[in-house]
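The chain contents come next:
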Amino acid sequence: MRLFLQQRPQGPEAPRFVQLMLQPDLLGGWELVRETGQVGGRSTVRREVFMEQASALAALEHARDQQLKRGFQLMFAQGMEAPGPR
């Protein structure tokens, strides 16, 4: 599953983005990958590992909801019946 959120640009600077990806790992767990940064610039990647898919999905939905509250807009959603905002 992949979600791409973007914030409207403030003046001449490039917009900020958040990309959330949920993927299985090689040991049977799940990994939530969060990439944040500015479009066309540097980004930061953080990874969180979960033993169960349900808890990983809950973390992804929570991260998505936090970003929506901060003014980001969902631009792209892919995979596993991509969840919409609650």
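Okay, so let's go over this structure. (Residues numbered from 1 in each chain as written. Predicted model: local features only at pLDDT ≥ 70, side-chain atom pairs only at ≥ 80, totals over all residues. Heavy atoms only, no water.)

**A short note on the overall build of the protein chain**
And then number 1: When helices and strands are tallied, the protein chain shows 1 helix and 5 strands.
And then number 2: Reading the secondary structure of the protein chain in the N-to-C direction produces β-β-β-β-α-β.
And then number 3: Taking all 86 residues of the protein chain together, 33% fall into the buried category.
And then number 4: Long-range pairs, those at least 24 residues apart, make up 40% of the contacts in the protein chain between residues at least 6 apart in sequence.
And then number 5: When the accessible area of the protein chain is evaluated, it comes to approximately 5700 Å², of which 51% is carbon and sulfur surface.
And then number 6: Looking at the protein chain, you have 11 positive and 9 negative side-chain charges, and the mean spots of the two groups are 8 Å apart. (Helix = DSSP H or I, 4+ residues; strand = E, 2+ residues; numbered from the N terminus. Buried < 20%, exposed > 50% of the residue type's maximum accessible area, 1.4 Å probe, protein only. Contact = heavy atoms within 4.5 Å. Areas by Shrake-Rupley, 256 points an atom, 1.4 Å probe, with all protein chains shown as cover. Lys, Arg positive; Asp, Glu negative; His and termini not counted. Charge placed at Lys NZ, Arg CZ, Asp CG, Glu CD.)

**Thoughts on the packing of aromatic side chains**
And then number 1: Throughout the structure, instances matching the rule amount to 1 aromatic pair.
And then number 2: Ring geometry for F4 versus F17: centroids 5.7 Å apart, planes at 15 degrees, classification stacked. With a gap of 13 residues between them, F4 in strand β1 (residues 2-6) and F17 in strand β2 (residues 16-24) connect regions that are remote in the sequence.
And then number 3: Relative accessible area serves as the criterion here: at 18%, F4 is assigned to the buried category. (Phe/Tyr/Trp six-rings, centres within 6.5 Å; stacked < 30°, edge-to-face > 60°.)

**Topic: the pairing of strand β4 (residues 43-50)**
And then number 1: Strand direction decides the pairing type here: strand β3 (residues 30-38) and β4, joined by 8 bridges, are antiparallel. In the strand pairing of β4, L32 is matched with E48.
And then number 2: Hairpin remark: β3 followed by β4, antiparallel, with 4 residues in the connecting loop; positive phi at G40, about 80 degrees. (Pairing = 2+ DSSP bridges.)

**Looking at the sheet that holds β2**
And then number 1: Strand order in this open sheet of 5 strands is β4-β3-β2-β1-β5, and the pairing throughout is antiparallel. In the strand order of this sheet, the two ends are held by β4 and β5 (73-78), each with one partner. For this sheet the average axis-to-axis angle between neighbouring strands, irrespective of direction, equals 15 degrees.
And then number 2: Where helix α1 (residues 53-69) meets the sheet, it contacts β1, β2, β3, β4 and β5, and its direction lies at approximately 175 degrees from that of β2. (Axes fitted to C-alpha atoms, helices over the stretch in contact; angles between N-to-C directions.)

**Comments concerning the nonpolar core**
Generally speaking, soluble globular proteins have nonpolar side chains that are buried together.
And then number 1: Ranked by internal contacts, the top residues of the largest apolar core, which has 14 residues, are L20, L22, L32 and L60.
And then number 2: Listing elements by their share of this core, those giving two or more residues are β1, β2, β3 and α1.
And then number 3: Among the elements that line this core, the one with the most residues is α1, at 4 residues.
And then number 4: Not counting the four nearest positions on each side in its chain, L20 is found in contact with M1, R2, L3, L5, V33, R34, L60, A63 and R64. (Core = buried A, V, L, I, M, F, W, Y, C linked by side-chain atoms within 4.5 Å.)

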